[in-house]
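Secondary and tertiary structure notes
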Amino acid sequence: MAGLPATMGSRHFAGYVPSRDAACVARLREAGAVIVGKTTTHEFAYGPTGDRSANGASRNPHDPSRMSGGSSGGSGAAVGAGVVPLALGTDTGGSVRIPAALCGVAGFKPAYDAIPADGVFPLSRSLDHVGVLAGDPESCLIAYRALTGAGAPAPVEAARVAWLDASDLFEGDPEVVAAVRAAAGELPEVRLPDGFAEEVLRTYRAIQSCEAVAVHADRMETAPELFGEEVLERLRGAAQVPGWSYVRALESRERLAAVADGLFARHDVLALPTAAVTAPLIDEREVTPAGRPVPVGVALLSLTCPWNVLGLPALTVPAGTVAGLPVGLQLLCRPGDEPLLFATASRLPA
């Protein structure tokens, strides 16, 4: 945003003020949006927790001792606290949908490249999506139309919706899964094809790792001390991923896209939890959602990152609370079926 600091949550960009708006900001201004300010992000958007930033942690408005989620954690907290009705975010593996779900608001990751990323600092160029967070899905749709120039959607018939059993991707907190399942209503169930979950998660990690290091290699060499410890450690680990695995991952991505088409063979929209845990505590790095310890990043990302690999539109909507903390219902569709996605959200049981 022209004239406002843009630090990317990192000391590497302390004091940096851009001279022009990103394309997505310019489009919102043209539509009449009033820019109130900037929110914080997990350092370089490289984390789903929102509590690792040179600006300090973004905190959950429902319980400030807990994470907002990330990487667009400041946006989720600002909308969740009612400070603003709408915020931009970026989503490389879930960074719009995770904070939206954990903060009790709606968040939309459009299809890949639907909203221009010109002027947006990259994390992983082939996985990055610009998205929006708002108090409800209708507001997300208004923003999406302004950002893409899409006209008002024509009335659509009720979509064919199915519940996607994502336990192969991640075995979440049973209470969270049950609450989200109840919010989705009575739906037929589909399962992921054999081997799909393992391949899509492996593909995501390889692509993101290699592309993130490509963005930051020079900074890692010349000024590693300016990174936060956790993000630098992640980048150094990512640098160990061999180039051949990146090439194989790109090939795998093409295969997975064809397999994903089969998930929509008899259904227009798929429903599943957004994050299969409630907001962890600030600085918590291990959770036990199903009685076994897992890294907090795995728990937060596993149900969202596959759809970045495939570039599918994904919308999260509030789905009630568990132990007083919000949970989210995630809806997926094929590119081009966004009207069905939002129509489904509008027809969910209250």
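Above this note sits the structure.
Residues numbered from 1 in each chain as written. Predicted model: local features only at pLDDT ≥ 70, side-chain atom pairs only at ≥ 80, totals over all residues. Heavy atoms only, no water.

1. Details of the overall build of the protein
The helix and strand inventory of the protein stands at 11 helices and 12 strands. The C-alpha radius of gyration of the protein comes to 19 Å, within 12% of the 20 Å expected for a compact globule of 350 residues. Each principal axis of the C-alpha atoms in the protein carries an extent, and together these give about 55 × 45 × 40 Å. Out of the 350 residues in the protein, the part that is buried amounts to 55%. Element-wise, carbon and sulfur atoms account for 53% of the exposed surface of the protein, whose accessible area totals about 14,500 Å². For the protein, the centre of its 28 positive side-chain charges and the centre of its 38 negative side-chain charges are spaced 2 Å apart. (Helix = DSSP H or I, 4+ residues; strand = E, 2+ residues; numbered from the N terminus. Rg over C-alpha atoms; globule rule 2.2 N^0.38 Å. Buried < 20%, exposed > 50% of the residue type's maximum accessible area, 1.4 Å probe, protein only. Areas by Shrake-Rupley, 256 points an atom, 1.4 Å probe, with all protein chains shown as cover. Lys, Arg positive; Asp, Glu negative; His and termini not counted. Charge placed at Lys NZ, Arg CZ, Asp CG, Glu CD.)

2. Side note on the packing of aromatic side chains
What characterises a pair of aromatic rings is the spacing of the ring centres plus the angle enclosed by the ring planes. The final tally for this structure, using the stated rule, is seven aromatic pairs. Judged by centre distance (5.8 Å) and plane angle (70°), the rings of F13 and Y16 are edge-to-face. For F13, a relative accessible area of 18% corresponds to the buried category. Both rings, one in F108 and one in F342, keep their centres 5.0 Å apart while their planes meet at 70°; by these two values the pair is edge-to-face. Within this pair, whereas F108 is found in strand β4 (residues 106–109), its partner F342 is found in helix α11 (residues 338–346), the two being separated by 234 residues in sequence. Residue F342 is classed as buried on the basis of its relative accessible area, which comes to 8%. Ring pairs connect the aromatic residues F13, Y16, F44, F121 and F227, which therefore count as one cluster. Lying across the ring of Y46, R234 places its NZ or CZ 3.9 Å from the centre. (Phe/Tyr/Trp six-rings, centres within 6.5 Å; stacked < 30°, edge-to-face > 60°. Lys NZ or Arg CZ within 6 Å of the ring centre and 35° of its normal.)

3. A word on the pattern of salt bridges
Under the criterion given, the structure shown has 15 salt bridges. With its nearest N and O atoms 3.3 Å apart, the salt bridge here joins D63 to R66. On the basis of relative accessible area, D63 is assigned to the partly exposed category, the value being 23%. Judged by its relative accessible area of 22%, R66 is partly exposed. Among the salt bridges present, the one from E230 reaches R285, with a minimum N-O distance of 2.8 Å. Within this pair, whereas E230 is found in helix α7 (residues 229–238), its partner R285 is found in the loop between β8 (269–273) and β9 (286–287), the two being separated by 55 residues in sequence. (Salt bridge = Lys/Arg side-chain N within 4 Å of Asp/Glu carboxyl O.)

4. Considering the sheet that holds strand β6 (residues 161–165)
Taken in spatial order, the eight strands of this open sheet run β3-β5-β4-β11-β12-β8-β6-β7, and their pairing is mixed. Whereas interior strands pair on both sides, the edge strands pair on one side only; in this sheet they are β3 (86–91) and β7 (189–191). Neighbouring strand axes in the sheet, compared pairwise and without regard to direction, differ in orientation by 30° on average. Relative to β8, β6 runs parallel, the two being bridged by three bridges. Directly across from V161, in β8, lies its bridge partner V269. Contacts from helix α4 (residues 137–148) reach β3, β4, β5 (129–134) and β11 (314–322), with the element oriented near 140° to β5. (Pairing = 2+ DSSP bridges. Axes fitted to C-alpha atoms, helices over the stretch in contact; angles between N-to-C directions. Contact = heavy atoms within 4.5 Å.)

5. Brief notes about the environment of L164
Here L164 lies in strand β6. Once the C-alpha coordinates of L164 and V180 are considered, the two residues, 16 residues apart in sequence, prove to be 12 Å apart. When neighbours within four sequence positions are excluded, L164 is seen to be in contact with V190, R191, L192, L270, A271, L272 and W307.

6. A short note on the nonpolar core
Ranked by size, the top nonpolar core spans 45 residues in total, and within it L169, L270 and W307 carry the most contacts. Of all elements in the fold, only α3 (97–103), β6, α6 (196–222), α8 (243–263), β8, α9 (296–301) and α10 (306–309) reach the threshold of two or more residues within this core. With seven residues, the single largest contributor to this core is α6. Discounting chain neighbours no more than four positions away, the residues touching L169 are L192, A197, V200, L201, S302, L303, P306 and W307. (Core = buried A, V, L, I, M, F, W, Y, C linked by side-chain atoms within 4.5 Å.)

7. Considering unusual backbone geometry
Residue S71 is bonded to the preceding G70 through a cis peptide linkage, with omega at 15°. With respect to the helices and strands, S71 occurs in the loop between β2 (63–67) and α2 (73–80). The phi torsion at F44 lies on the positive side, around 55°, for a residue other than glycine. Take F44: it is sitting in the loop between α1 (23–30) and β1 (59–60). For F44, a relative accessible area of 2% corresponds to the buried category.

Interpretation in functional terms is not warranted from these geometric data alone.
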